[in-house]
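# Descriptive structure summary
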Amino acid sequence: MNITFIETKDEPRAAGVLYELLFERGKEQSISHSTMPSLEEHMDFMRYHPYRAWYLIQNEGGVYVGALNLTKHN
């Protein structure tokens, strides 16, 4: 399986895609929120951009299947 990493800043739909991915997860799978935020709260979280790098993971069919974020500089 081939996957592609796309920087969120390069995908105009990133906020919506990330929100949908977050919605699909249970609260025990989320590392960024203890409860499901509103879309507005999610957008504020993205504006703050607490991650050094933030990528969407896209499968070979073009479907976004996850996200990856890096918090520390190596």
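In case you missed it, the structure is sitting above this.
Throughout what follows, the structure given in this document is the object of discussion. In this text, all values refer to a predicted model and were calculated from it rather than measured experimentally. (Residues numbered from 1 in each chain as written. Predicted model: local features only at pLDDT ≥ 70, side-chain atom pairs only at ≥ 80, totals over all residues. Heavy atoms only, no water.)

### Describing the nonpolar core
Counted only if it meets this: Joining through side-chain atoms within 4.5 Å is the link that ties buried Ala, Val, Leu, Ile, Met, Phe, Trp, Tyr and Cys residues into a set, and such a set is a nonpolar core. Summary of the burial criterion: residues with accessible area below 20% of their type's maximum are buried, those above 50% are exposed, and those between are partly exposed, where the area comes from a 1.4 Å probe applied to protein chains only. Helix and strand labels come from DSSP, where a helix needs a run of H or I of at least four residues and a strand needs a run of E of at least two; each type is numbered from the N terminus.
Judged by nonpolar contacts, Ile6, Ala14, Ala15, Val17, Leu18, Leu21, Phe45, Met46, Tyr51, Trp54, Leu56 and Tyr64 together constitute the single largest core of 12 residues. Ranked by residues supplied to this core, first place goes to helix H1 (residues 14–24) with 5 residues.

### What about a nonpolar patch on the surface?
Just so we agree on the cut-off: A patch consists of residues whose relative accessible area exceeds 30% and which take part in no salt bridge; residues with like charges are grouped when within 9 Å of each other, and nonpolar side chains (Val, Leu, Ile, Met, Phe, Trp, Tyr) when within 5 Å. Only the protein chains shown count as covering a residue, and every accessible area follows the Shrake-Rupley method with a 1.4 Å probe. When a carboxyl oxygen of Asp or Glu is within 4 Å of a side-chain nitrogen of Lys or Arg, the pair counts as a salt bridge.
A grouping of Met1, Ile3, Phe5, Leu68 and Leu70 is seen on the molecular surface, where their side chains present a nonpolar patch of about 520 Å² in accessible area. Tracing the chain through its elements places Phe5 in strand S1 (residues 3–7). The class of Phe5 is partly exposed, set by a relative accessible area of 44%.

### With respect to the packing of aromatic side chains
A ring pair, where both rings are aromatic, is described by two values, the distance of the centres and the angle of the planes. Using the following cut-off: Between the rings of Phe, Tyr and Trp (Trp by its six-membered ring), a pair exists once the centres lie within 6.5 Å; its type follows the angle of the planes, with under 30 degrees stacked, over 60 edge-to-face, and the other angles tilted.
Enumeration according to the criterion identifies 3 aromatic pairs in this entry. Judged by centre distance (6.1 Å) and plane angle (70 degrees), the ring pair of Phe45 and Tyr51 falls under edge-to-face. Residue Tyr51 is classed as buried on the basis of its relative accessible area, which comes to 11%.

### Here we look at the side chain of Gln58
The line we're drawing: Two N or O atoms count as a polar contact when they lie within 3.5 Å, although within protein this holds only if one can serve as hydrogen donor and the other as acceptor, and sequence-adjacent residues are included solely when both atoms are side-chain atoms. Contacts are residue-level and defined by heavy atoms, with any inter-residue pair within 4.5 Å sufficient.
Within the secondary structure, Gln58 sits in strand S2 (residues 53–59). Gln58 sits in the buried class, given a relative accessible area of 17%. Reaching out from Gln58, the side chain makes a polar contact with the backbone oxygen of Gly62 at a distance of 3.2 Å. Excluding its chain neighbours within four sequence positions, the residues that come into contact with Gln58 are Asn2, Ile3, Thr4, Ile6, Val63 and Tyr64.

### Digging into the environment of Ala15
Looking at the element boundaries, Ala15 is found in helix H1. You can call Ala15 buried: its relative accessible area is 16%. Taking the C-alpha atoms as reference points, Ala15 and Phe45, separated by 30 residues in sequence, lie 9.9 Å from one another. In this structure, Ala15 is in contact with His42, Met43 and Met46, ignoring residues within four places of it in sequence.

### Side note on helix H2 (residues 39–48)
So the rule is basically this: Note that the arc is defined by the directions from the helix axis to the C-beta atoms.
His42, Phe45 and Met46 are the residues of H2 that are buried. What you see down the axis of H2 is that its buried residues fit within an arc of 95 degrees, all on one side. Residues of H2 that are exposed and point over 90 degrees away from its buried face: Glu40, Arg47 and Tyr48. Buried-residue contacts for H2 involve H1 and S2. Once H2 ends, the next one or two residues include His49, with phi positive near 45 degrees.

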